[in-house]
Amino acid sequence: MRGAAWAVPAVVVASAAPAFAASTPPPTTTPTFTSSAGCGTTGSGGGCAGLKKAPQIPFVVKNTTGQPLYFQVTGVKSWQGGSAPANWDTNYGTSFRLFTQNGGSTSACTPEITTVKNCGGTNSLSVLVQPDQTLSLWLVGAAEGAASSFTMAVRSRWVDASCAVVVPETEASSTQISSSANC
């Protein structure tokens, strides 16, 4: 009698499993931001923005989702030697600028991206990235005033058209940008 009572629930569980397995949602994808070593505009070099003695880093953004998203640069730090400044610079247009990469040249990076999107009371440089689109961009920091090696850090996030955060704010640091790698 006990053996028969246990056999009935086992059949019910076995028949319920395939229905549950069929309703499992597909995995989601996350847009990406990848930076690489940059260069410094030293001496008479003018680089992307025409700034002398300024760091530049190339990076790639890729929207692997099925919806248009905005990649936002929410802050930048650039410095020479020592440790990073305590505060993030959010003064786009004066302290940092963003450009499309034009033919892979470190000195011909036009046009400049000037689109600003206000999300949650914060104005941020914003690039609309369509589904399955990959963009190569250049971020140029403020002029440092001396020819030396630079380091740059970028704070960014991904939001949708309504400003809902898709990927929370993250920080990425470039490897040291050497003045010998003149832009």
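Before reading further, recall that the structure is shown in the block above.
Attention in this report is confined to the structure presented alongside it. (Residues numbered from 1 in each chain as written. Predicted model: local features only at pLDDT ≥ 70, side-chain atom pairs only at ≥ 80, totals over all residues. Heavy atoms only, no water.)

Right, let's get into the overall build of the chain. Looking only at helices and strands, the chain has one helix and eleven strands in total. Along the chain, helices and strands appear, N-terminal first, in the series α-β-β-β-β-β-β-β-β-β-β-β. Surface accessibility of the chain: about 9,500 Å² in total, with carbon and sulfur atoms responsible for 56%. (Helix = DSSP H or I, 4+ residues; strand = E, 2+ residues; numbered from the N terminus. Areas by Shrake-Rupley, 256 points an atom, 1.4 Å probe, with all protein chains shown as cover.)

So, about the nonpolar core. Core analysis: the biggest nonpolar cluster contains 22 residues, and Val61, Val73, Leu98, Leu137 and Leu139 have the highest contact counts within it. Those elements that provide at least two residues to this core are strand S3 (55-62), strand S4 (69-79), strand S8 (122-129), strand S9 (134-140) and strand S10 (151-159). It is S4 that contributes the most residues to this core, four residues altogether. Once residues lying within four places of it in the same chain are set aside, the contact partners of leucine 98 are Phe59, Val73, Glu112, Ile113, Leu125, Val127, Leu137, Trp138 and Leu139. (Core = buried A, V, L, I, M, F, W, Y, C linked by side-chain atoms within 4.5 Å. Buried < 20%, exposed > 50% of the residue type's maximum accessible area, 1.4 Å probe, protein only. Contact = heavy atoms within 4.5 Å.)

We now examine the packing of aromatic side chains. This model, assessed by the stated rule, comprises two aromatic pairs. Where phenylalanine 59 meets phenylalanine 71, the ring centres are 5.7 Å apart and the plane angle is 45 degrees; that geometry is what we call tilted. Taken together, the positions of phenylalanine 59 in strand S3 and phenylalanine 71 in strand S4 put the pair twelve residues apart, joining distant regions of the chain. Residue phenylalanine 71 is classed as buried on the basis of its relative accessible area, which comes to 0%. (Phe/Tyr/Trp six-rings, centres within 6.5 Å; stacked < 30°, edge-to-face > 60°.)

Per the stated rule, a full pass over the model turns up one disulfide. The disulfide that involves cysteine 119 links it to cysteine 163, with 2.2 Å between the sulfurs. Residues cysteine 119 and cysteine 163 are joined through a disulfide that is left-handed, its torsion about the S-S bond being -70 degrees. Of this pair, cysteine 119 sits in strand S7 (residues 116-119) while cysteine 163 sits in the loop between S10 and strand S11 (165-173); the two residues are 44 residues apart in sequence, bridging distant segments of the chain. Looking at cysteine 119, the relative accessible area reads 4%, which means it is buried. (Disulfide = S-S within 2.5 Å.)

Take the side chain of serine 78 next. Within the secondary structure, serine 78 is located in strand S4. The buried category is assigned to serine 78, whose relative accessible area is 16%. Leave out the neighbours within four places in its chain, and serine 78 touches Pro55, Pro85, Gly141, Ala142, Glu144, Thr151 and Met152.

Inspection of the secondary structure assignment puts serine 156 in strand S10. If we skip the residues at most four places from it in the chain, serine 156 touches Phe33, Phe71, Gln72, Val73, Thr74, Pro168, Glu169 and Thr170.

Take the pattern of salt bridges next. Applying the stated criterion across every chain yields a total of two salt bridges. With a closest N to O distance of 2.8 Å, glutamate 112 and arginine 97 form a salt bridge. Here arginine 97 lies in strand S5 (residues 97-100) and glutamate 112 lies in strand S6 (residues 112-113), a separation of 15 residues in the sequence. Assessed through its relative accessible area of 29%, glutamate 112 is described here as partly exposed. Taking the shortest distance from any N to any O, the salt bridge between glutamate 169 and arginine 155 comes out at 3.6 Å. One end of the pair, glutamate 169, is in strand S11; the other, arginine 155, is in strand S10, and 14 residues separate them in sequence. (Salt bridge = Lys/Arg side-chain N within 4 Å of Asp/Glu carboxyl O.)

A word on the pairing of S11. Judged from the six bridges that link them, S10 and S11 form a sheet pairing that is antiparallel. Its bridge partner being in S11, serine 156 is matched across the sheet by threonine 170. Counting the residues in the hairpin turn of S10 and S11 gives five residues, including cysteine 163, whose phi is positive at 80 degrees. (Pairing = 2+ DSSP bridges.)

Further remarks concern the pairing of S10. With eight of nine residues buried, S10 lies mostly within the body of the structure. In terms of strand pairing, S4 meets S10 through nine bridges, oriented antiparallel. Paired with glycine 75 across the strands is arginine 155, a residue of S10.

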